[in-house]
Amino acid sequence: MNGTYVGYVAGEDPLYGFLSTIMHDRLKVRAAKPSFRVFQLSGSNEVYAYEEKSSGTKVICKFYGSRFGTDLDKAAWMARQEYEGLRTLRRYNLVGSPHHVIRPLGLSRDINGVLAVEHYSGEEFSHAIARATRHGHLYWRLKALAYFLATQHNRTANGATVDFDPECRYFDAVVSRLRKAHRIGQRDIDELSGLRDRWRERPQMWQDRQVWLHGDATPANFLFGDGMDVAAIDLERMKRGDRIFDVGRVAGELQHAFMRDCGDWRRAEPFIGHFLWEYSCHFPDREQTFESITARAPYYMALNLLRIARNGYLGHDYARRLVRQAKRMLRAA
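Caption draft 1: The packing of aromatic side chains, seen in detail. Summed over all chains, the structure comprises 19 aromatic pairs. Plain terms: the ring middles of F164 and Y300 are 6.4 Å apart, the flat faces sit at 80 degrees to each other, and that makes the pair edge-to-face. Highlighted residues: F164 in the loop between α5 (139-156) and α6 (165-180) and Y300 in helix α10 (residues 286-309), separated in sequence by 136 residues. A relative accessible area of 2% places Y300 in the buried class. Seen in terms of ring centroids, W277 and F290 are 5.3 Å apart; in terms of plane orientation they differ by 85 degrees. Their pairing is edge-to-face. Placement of the pair is W277 in helix α9 (residues 269-280) and F290 in helix α10, with a sequence separation of 13 residues. Stacked on the ring of W199, the Lys or Arg R202 has its end atom at 4.2 Å from the ring centre. Sitting over the face of the ring of F245, K239 holds its NZ or CZ atom 4.0 Å from the ring centroid.

Shown next as structure tokens:
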């Protein structure tokens, strides 16, 4: 397990009863007096793994209360959103091998807005990318992820056409954050706004059918098991929209990883092309699908690079490189 051991859950802690009930009722662990070892994991919220000592059974808990301070109602609402998102996707038979959405196990508003989910043993996509930037072994993982996302999107498509306006509003919100962080100036804002409008006018950005999106298809949110097995986690941003929102985010994350670790976005191109081609093979006309995807992906890839550039932990020079690359993609397509 990738985590830092921090101790045991005390018997008088309300979390102890919460975990004990989940172990007994949901996971059928029959320990007479369960004992829970605690491991702190990385994540945008406070995320911990709890291992019942006698059985070795593990549960992952995300605490939303840490994000919203004293507003436990908002924390509980966010936890419930993710809980229902997980349940929704699992109803599309995304359970088991090879496509798995993590099973939600329980919620508690009063225990710091906690959401409990099953533990899935697998390699994080981020680790696979890190290995690839050094050694080049990534193609199989991308094939498996493309298969997972194509299956999720195809099973959840409905008859409604994509509404591109929310993605334009999200673009504006990201640009506003970049301005507040002093990563861009007014000339950048004017240029980015003009490029956004050019994409808004393209008919292909409005023509596909809506699907359920993961909504945050970043390297931390997919785990790989054996063969083609993939598990999706962290669905708090799940929404309906254009399938290329997810696909383009993965491609953008690949480009960012190679820019950051190798200094050259071009090194990502063979992996991005492979991922898009593998995604396209799950449609009746692979070449036509690939053409459609590659026409729309640059917008979502650029949007993801701009989103990453907002982060305060990045140096200013690298953030500016991300912005320049995002502009290049928005102009070229």
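And the narrative resumes.
Caption draft 2: Seen up close, the sheet that holds strand β11 (residues 230-232). Strand order in this open sheet of 4 strands is β5-β11-β10-β8, and the pairing throughout is mixed. The open sheet has two edge strands, β5 (99-101) and β8 (123-124), and neither has a second partner. Relative to β11, strand β10 (residues 222-224) runs antiparallel, the two being bridged by 3 bridges. Looking at the pairing, F224 lines up with V230 of β11. Packing of α5 onto the sheet brings it into contact with β5, β8, β10 and β11, and relative to β10 it is tilted by some 125 degrees.

The rules behind these values
- Residues numbered from 1 in each chain as written.
- Predicted model: local features only at pLDDT ≥ 70, side-chain atom pairs only at ≥ 80, totals over all residues.
- Heavy atoms only, no water.
- Phe/Tyr/Trp six-rings, centres within 6.5 Å; stacked < 30°, edge-to-face > 60°.
- Helix = DSSP H or I, 4+ residues; strand = E, 2+ residues; numbered from the N terminus.
- Buried < 20%, exposed > 50% of the residue type's maximum accessible area, 1.4 Å probe, protein only.
- Lys NZ or Arg CZ within 6 Å of the ring centre and 35° of its normal.
- Pairing = 2+ DSSP bridges.
- Contact = heavy atoms within 4.5 Å.
- Axes fitted to C-alpha atoms, helices over the stretch in contact; angles between N-to-C directions.

The values reported here are purely geometric and, on their own, carry no functional implication.
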